[in-house]
Amino acid sequence: MDPNSGNLISFLQLQSVSAASDAPLAFGSRGDRCRADFARDVARMAAAVASVGRGRWLVDTADRYLAAVGLFALAESGSVAVLPSAGPADPQAAWGADAVGLLAESESSETPLVATALAGSAGAPIESGDRRGRPWVEFRTSGTSGAGQPVVKAVRHLEDEVRILEARLGRGLPATTRIFATAAHRHIYGLLFGVLWPLASGRAFQRDILLHARELLPRLEECAASVLVTTPVHLKRMAESANLEALRGRCLRVFSSGGPLDEAVAHEVADRLGCAPFEIFGSTETGGVAIRCRREGGGANASGEATQEEWEPMPEVLVRVVAPDGRAEVTSPFVSTGERQSDGRTCTVMGDRIEMRPGGRFVLLGRADRVVKIAEKRLSLPEMERTLCGHPFVAEASLLVREIARESRVHAVVALSGAGREEFVREGSRCCRGALVAHLAKRYDRVFLPRAWRFVAALPRDGQDKIPQAALRALFDAPSASDRSSSPRTLGEKRSEEMFERRLDVPADLVHGAGHFPGNPLVPGVVQLDWALRAAGDWLATPLVLIGLKGLKYPEPLVPGGRVTLRLERGVASTAIRFRLFDGERVHLDGRAEFAVDRDLRSGE
Amino acid sequence: MRAQETGEAIVESLEQEIKELIIDVLVLEDVTPGDIEPEAALFVEGLGLDSIDALELAMALEERYGVQIGDDPDQNRKIFASVRDLAAFVGASRV
């Protein structure tokens, strides 16, 4: 087939049209396969599927070739191929409740893919007699939690998208080009770019999923013409460790999707490889929405060309911004979830906020719904917070994302319940953390599990009862609470009904100073605040729960190594405590705290 | 006998070093080298590392020891199975 003819054969006729062909279709460590092999394997598999029955079938294989065989065999019988989401402990229970069968890998080289009957009811009706309208592949939205939401793509959604990919991004790629992918085919991007588009355009694809640059590079170097389908996480590592120059003129196109690609990485790849990576923006529900290709020296110009950060909608895709929160509304032939228009296209509103630019282009402004991406998978922070609150140790929880080892990771701040505090006092923070990690691991992919935890009496709140992000972040600038070698020494105390004063000696090697501005250690504000709040508890000799903070200021930075005074005052008729940390004229901390007496802890005493 | 004891000591100190490297590079909180069992699984169970950690750890090992992670995925899975396996790999292949 000539990929430049613009006349892609449709999926379901693929094997009959090319049955006699010995053109390579897939390659890899488990052997190369040609189109005739594919036609034979699909026919054999379709017979096995037919003997079990029509309906939802789970397809569980890490081999892209076998996945393709399974998908086409299922299409023959009008069945739906269900692809697993990553992660949950018992995937089959999570995604296969009413499946009629399972296609899974076997050790046998004769029958590498085996069809097994499951308990689900066979013969589910096909929604539409029209071949293109039949439901074909069911994805799970990437990992938000548990089983994820199913998103079903009809044949036409995937066919149309492949047709547009070839028209927009396939130009000039020889038929001998080999497609390598680090993106897994259980996600729509990996399936389209790594399997379906190569199949339909007559280019061979790699069977194995190789993640490490060291595994991938030698295979790419052997290849005279290749395309790399990857993700920002992998591309960043490749740019750091691989000899990309060796692939100049051989690796003809690089695609990246799943999250924003670091601009410096985009430029470096463009520079060293000689081709700038194409970024694809989209979602499981919408399929591909827009593309961009950033190269050094590119920028806004008078001729109306796209600037570096602008996304260009794919052909036949219409993007608008909608009120009230400025989210992107997408209409295209391959949007599968949303309102069907009279022209057959579907319209849906995404969770991403955008700003329109000339020529239908747009820039991304971030998510509207606290959905973050970790390793290119979507995670809803509010949903994980609700899951955490379902554990008996947790009264309240707030999640945020910070970088650890150069990657975004979830961090958790947890206000413990009465039971949680008992556990914390008896067994320590590690035990609490272990219990909560195990609780989350039942529903979430490992990459989502919080990597750092802070346990507090109450979540910090400002005057509007909002949880200030800065206060949460500050908790992680200090080492975790299990570190007891970090307290200042008390030199002396004065107390009365209205006032409490504590003289503190702040050691020069205070642990909190470590890593907080190298070479220029400062005591983080949240640590100073912690000293004040502890002193309040000591003064009033009762367990206190912080209700709110007001007028919090850090006028002068506090350098470890010196003496300071902490003074607390309270009005006769007030529940608020004014606190100040100072050294002569220099005030380091100033603010007011509202407390309530902790009845849980009191009754537990 | 003596040579064997020296060999064991080297393996142990290498295991200790790799534990420290893992904690350091992956910024594991509240984990000390003593918490990591040399034969326990590094990924999913055991220490509970994930796919992002795998990439980062591979790079750190290459940087620190000058070892080359090979191109065979099955082999790599074995190398990264536990601290003991990593130490054996580093011990055998570093210059």
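Residues numbered from 1 in each chain as written. Chains lettered and ligands numbered in written order. Predicted model: local features only at pLDDT ≥ 70, side-chain atom pairs only at ≥ 80, totals over all residues. Heavy atoms only, no water.

A. How the structure looks around the interface of chain A and chain B. Every contact between the two is made by 29 residues of chain A and, on the other side, 27 residues of chain B. Between chain A and chain B, the buried area comes to about 2400 Å², and carbon and sulfur atoms account for 49% of it. The three residues of chain A that bury the most area against chain B are Arg214(A), Arg446(A) and Arg451(A), which together make up 27% of that side's buried surface. Where chain A packs against chain B, one counts four salt bridges. In this structure, Arg409(A) engages Asp53(B) in a salt bridge whose closest nitrogen and oxygen atoms are separated by 2.8 Å. Applying the counting rule to chain A against chain B returns six residue pairs in polar contact (both at pLDDT 80 or more). Partitioned by chemical class, the residues of the side of chain A that touches chain B number 11 nonpolar, five polar and 13 charged. (Contact = heavy atoms within 4.5 Å. Buried area = accessible area lost by both parts, 1.4 Å probe. Salt bridge = Lys/Arg side-chain N within 4 Å of Asp/Glu carboxyl O. Polar contact = N/O pair within 3.5 Å; in protein donor to acceptor, adjacent residues only side chain to side chain. Nonpolar A, V, L, I, M, F, W, Y, C, P; charged D, E, K, R; others polar.)

B. Just the sheet that holds strand E15 (residues 312–313) of chain A, in detail. Residues and elements named next belong to chain A. The sheet built from nine strands is open, its strands ordered E2-E1-E10-E9-E11-E12-E13-E14-E15 with mixed pairing. Every other strand in the sheet has two partners, leaving strand E2 (33–34) and E15 as the edge strands with one partner each. In this structure, strand E9 (residues 178–181) lies alongside strand E11 (residues 226–230), joined through four bridges in parallel fashion. From the neighbouring strand, Ala181 faces E11, where its bridge partner is Val229. Running over the sheet, helix H5 (residues 155–169) touches strand E12 (251–257), strand E13 (278–283), strand E14 (287–293) and E15 and is turned about 10 degrees from E14. (Pairing = 2+ DSSP bridges. Helix = DSSP H or I, 4+ residues; strand = E, 2+ residues; numbered from the N terminus. Axes fitted to C-alpha atoms, helices over the stretch in contact; angles between N-to-C directions.)

C. Quick peek at the sheet that holds strand E25 (residues 452–456) of chain A. Residues and elements named next belong to chain A. The strand order across the open sheet formed by three strands is E23-E24-E25, and the pairing between neighbours is mixed. Only two strands of the sheet have a single partner each, and these edge strands are strand E23 (394–404) and E25. Across the sheet, the mean angle separating the axes of adjacent strands is 20 degrees when strand polarity is ignored. Across the sheet, helix H13 (residues 469–477) touches E23, strand E24 (407–416) and E25, and the angle it forms with E23 is around 70 degrees.

D. Region of the structure containing the side chain of Arg294(A). Residue and element names in this part refer to chain A. Relative to the helices and strands, Arg294 is located in the loop between E14 and E15. By relative accessible area, which is 5% here, Arg294 ends up buried. Among the polar contacts made by the side chain of Arg294, one reaches the main-chain carbonyl oxygen of Leu261 at a distance of 2.4 Å. Side-chain polar atoms of Arg294 contact the side chain of Glu279, separated by 3.0 Å. (Buried < 20%, exposed > 50% of the residue type's maximum accessible area, 1.4 Å probe, protein only.)

E. Unusual backbone geometry, seen in detail. A positive phi angle is found at Glu316(A), which is not glycine, with a value near 70 degrees. Tracing the chain through its elements places Glu316(A) in the loop between E15 and strand E16 (318–322). In this structure, Val27(B) takes a positive phi of about 50 degrees despite not being glycine. Turning to its location among the elements, Val27(B) is positioned in the loop between helix H1 (2–25) and helix H2 (51–65). A relative accessible area of 39% places Val27(B) in the partly exposed class.

F. How the structure looks around the nonpolar core. All names here are of chain A. With 67 residues, the main nonpolar core has Phe193 and Phe255 as its most contacted residues. Among the elements that line this core, the one with the most residues is helix H6 (residues 188–201), at 10 residues. Two domains each provide a minimum of three residues to this core, namely domain 1 (1–154) and domain 2 (210–369). When sequence neighbours within four positions are dropped, the list of residues in contact with Phe255 reads Leu169, Tyr189, Phe193, Trp197, Val227, Leu228, Val229, Thr230, Phe278 and Ile280. (Core = buried A, V, L, I, M, F, W, Y, C linked by side-chain atoms within 4.5 Å. Domains from an automatic or database assignment.)

G. Up close: the environment of Arg409(A). Structurally, Arg409(A) is set in strand E24. When the C-alpha positions of Arg409(A) and Val447(A) are compared, they lie 7.8 Å apart, and in sequence the two are 38 residues distant. Ignoring any residue separated from it by four or fewer positions in sequence, one finds Arg409(A) in contact with Ile374(A), Leu400(A), Val401(A), Arg402(A), Ile404(A), Val447(A), Arg451(A), Asp50(B), Ile52(B) and Asp53(B).

H. Highlighting the packing of aromatic side chains. Residue and element names in this part refer to chain A. By the definition in use, this model includes 13 aromatic pairs over all chains. Note on Trp453 and Phe455: the rings are 6.2 Å apart at their centroids and 15 degrees apart in plane angle, and the pair reads as stacked. For the pair Trp453 and Phe455, a shared accessibility class is recorded, and that class is buried. Grouping aromatic residues by their ring pairs yields a cluster made of Tyr189, Phe193, Trp197, Phe255 and Phe278. For Arg570, the ring lying beneath its charged end belongs to Trp539, and the centroid distance is 5.4 Å. Sitting over the ring of Phe582, Arg580 keeps its end group 5.4 Å from the ring centre. (Phe/Tyr/Trp six-rings, centres within 6.5 Å; stacked < 30°, edge-to-face > 60°. Lys NZ or Arg CZ within 6 Å of the ring centre and 35° of its normal.)

I. The arrangement of the confidence of the model for chain A in detail. Residue and element names in this part refer to chain A. Per-residue pLDDT for chain A averages 81, and the proportion of residues at 70 or more is 82%. Across residues 15–19, where pLDDT falls below 50, the model places nine contacts with residues more than four positions away in sequence or in other chains. Here residues 299–303 is a poorly scored stretch, pLDDT under 50, and it has four contacts once near neighbours within four places are set aside; other chains count. (pLDDT = per-residue confidence, 0-100.)

J. Structural detail: the packing of helix H11 (residues 418–427) of chain A against helix H12 (residues 429–441) of chain A. Residue and element names in this part refer to chain A. The geometry of H11 relative to H12 is characterised by a closest axis approach of 7 Å and an angle of 130 degrees between their N-to-C directions. One element, H11, and the other, H12, form an angle in the oblique class. Between H11, through Gly420, Glu423, Phe424 and Glu427, and H12, the contact on the second element is made entirely by Ser429, Cys431 and Cys432. The class makeup of the residues in the contact of H11 with H12 is three nonpolar, two polar and two charged. (Parallel < 35°, antiparallel > 145°, perpendicular 65-115°, else oblique.)

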